[in-house]
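Coordinates in review
Here is what each chain is made of, one letter per residue.
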Amino acid sequence: MIERKLKGGKVLEFSGIMDFVEYCDAVPVENYSKSDDESRVEFSGGTWDDAVRQATTGNPELVKNIFDGVNIISAMIEEEKVGEIRDVTGEYFDVSDYLSGEPEVFRRDEYGERKPVVPVYASFAMRCGIGNDLIRNRGCAIVALCDELSRGGFIVDLHMVHAVEYCGVTVYCKIHVGIDPLDLDTAAFIVANSLCLRRLWFAMLEHSRNERYCGGYGCPCEYDLAEIYESGLSGFYFTSSNHNAFSRGNYGSLDNAKEHVVKMVENFKKNAAQVILG
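Owing to the predicted nature of the structure, the values given are computational and were not obtained by experimental measurement.

**Concerning the pattern of salt bridges**
If you walk through the whole model with that rule in mind, you get 11 salt bridges. With a shortest N-O distance of 2.7 Å, Asp-50 and Arg-53 are connected by a salt bridge. Note that Asp-50 and Arg-53 are positioned in helix H3 (residues 48–56) at a spacing of three residues, about one turn of the helix. A relative accessible area of 40% means that Arg-53 is categorised as partly exposed. A salt bridge links Asp-147 to Arg-151, with the nearest nitrogen and oxygen atoms 3.5 Å apart. With a gap of four residues between them, Asp-147 and Arg-151 both fall in helix H6 (residues 132–151), about one helical turn apart. The exposure class of Asp-147 is buried, given its relative accessible area of 17%. We classify Arg-151 as partly exposed; its relative accessible area is 46%. Connected through shared salt-bridge partners, Glu-3, Lys-5 and Lys-10 make up one network.

See below:
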């Protein structure tokens, strides 16, 4: 973990999910973030042990459910596919065309030109009133978008970020996720699993402040996107729940999340030289 001071705040930057988990798990067992009382388990979506296990070894059933949802969304935003090209030579040939006397019986796959880098910033900072189902639906939408961009030939520069205002200090958090290849399993845990936000991140704040119970976990705010704007790159930014671009209705169901992502993609196509908020 690297900690950097900023004017009015600080940034905690983690090299990966294991770095993040180790930092969070270092808080004492009596800390509030590790409490497994009934209300805490219900609010978080599981126990502390569940959070650590799913972050480190995964949860096949949860991942399956998440990616089932992703498939629903993906089917609506697929645009570019590998196409077959007819020719007199190629990588394989079509038996039915050969028997019918068709001269161009061979086929080959034609891939589109490699596209530019597309930054995708996904904040997992949510207010306490945002339900776990909504977090999951939103996370599915983000993962689906990244998956489609990647399969469409784009290089997805994925940033998992979090920011809150707490006791007059802005606390930024950034977790690095593998992008070559794109680590969608880890991305799904961070942004679509409430255990990451409501167990691990809470422990991160306790650790960074050396407090057993922070008495509230701050007000979600926006991650400093100066790097994306200053670089001149366009891309996508999924905001915190306090941004005026955020709407519960967009993520109330998988269908709503699907429609919202489709609109974001359409806006990006119309003017790629911008940051699309969602």
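**Some thoughts on unusual backbone geometry**
For the bond running from Asp-180 to Pro-181, omega is 5°, close enough to zero to count as cis. Within the secondary structure, Pro-181 is located in the loop between strand E8 (169–176) and helix H7 (184–192). Look at Cys-167: it is not a glycine, yet its phi comes out positive at around 50°. Looking at where Cys-167 falls in the secondary structure, it is placed in the loop between strand E7 (155–166) and E8.

**Comments concerning the packing of helix H1 (residues 17–25) against H3**
Packing of H1 against H3 brings their axes to within 10 Å, and their N-to-C directions diverge by 160°. One element, H1, and the other, H3, form an angle in the roughly antiparallel class. Considering the relative orientation of H1 and H3, their crossing is left-handed. For the pair formed by H1 and H3, the contact residues are Ile-17, Met-18, Val-21, Cys-24 and Asp-25 on the first element and Trp-48, Val-52, Ala-55 and Thr-56 on the second. Across the contact of H1 with H3, the residue classes break down as seven nonpolar, one polar and one charged.

**A look at helix H10 (residues 254–270)**
Look at H10: 24 Å from first C-alpha to last across 17 residues, which is about the 24 Å you get at 1.5 Å a residue. Of all the residues in H10, the buried ones are Leu-254, Ala-257, Lys-258, His-260, Val-261, Val-262, Met-264, Val-265 and Phe-268. For H10, the elements touching its buried residues are helix H4 (60–77), strand E6 (117–123), H6, strand E10 (235–238) and strand E11 (275–277).

Conventions adopted
- Residues numbered from 1 in each chain as written.
- Predicted model: local features only at pLDDT ≥ 70, side-chain atom pairs only at ≥ 80, totals over all residues.
- Heavy atoms only, no water.
- Salt bridge = Lys/Arg side-chain N within 4 Å of Asp/Glu carboxyl O.
- Helix = DSSP H or I, 4+ residues; strand = E, 2+ residues; numbered from the N terminus.
- Buried < 20%, exposed > 50% of the residue type's maximum accessible area, 1.4 Å probe, protein only.
- Axes fitted to C-alpha atoms, helices over the stretch in contact; angles between N-to-C directions.
- Parallel < 35°, antiparallel > 145°, perpendicular 65-115°, else oblique.
- Left-handed = near helix turned anticlockwise from the far one by under 90°.
- Contact = heavy atoms within 4.5 Å.
- Nonpolar A, V, L, I, M, F, W, Y, C, P; charged D, E, K, R; others polar.
- Expected span 1.5 Å × (residues − 1).

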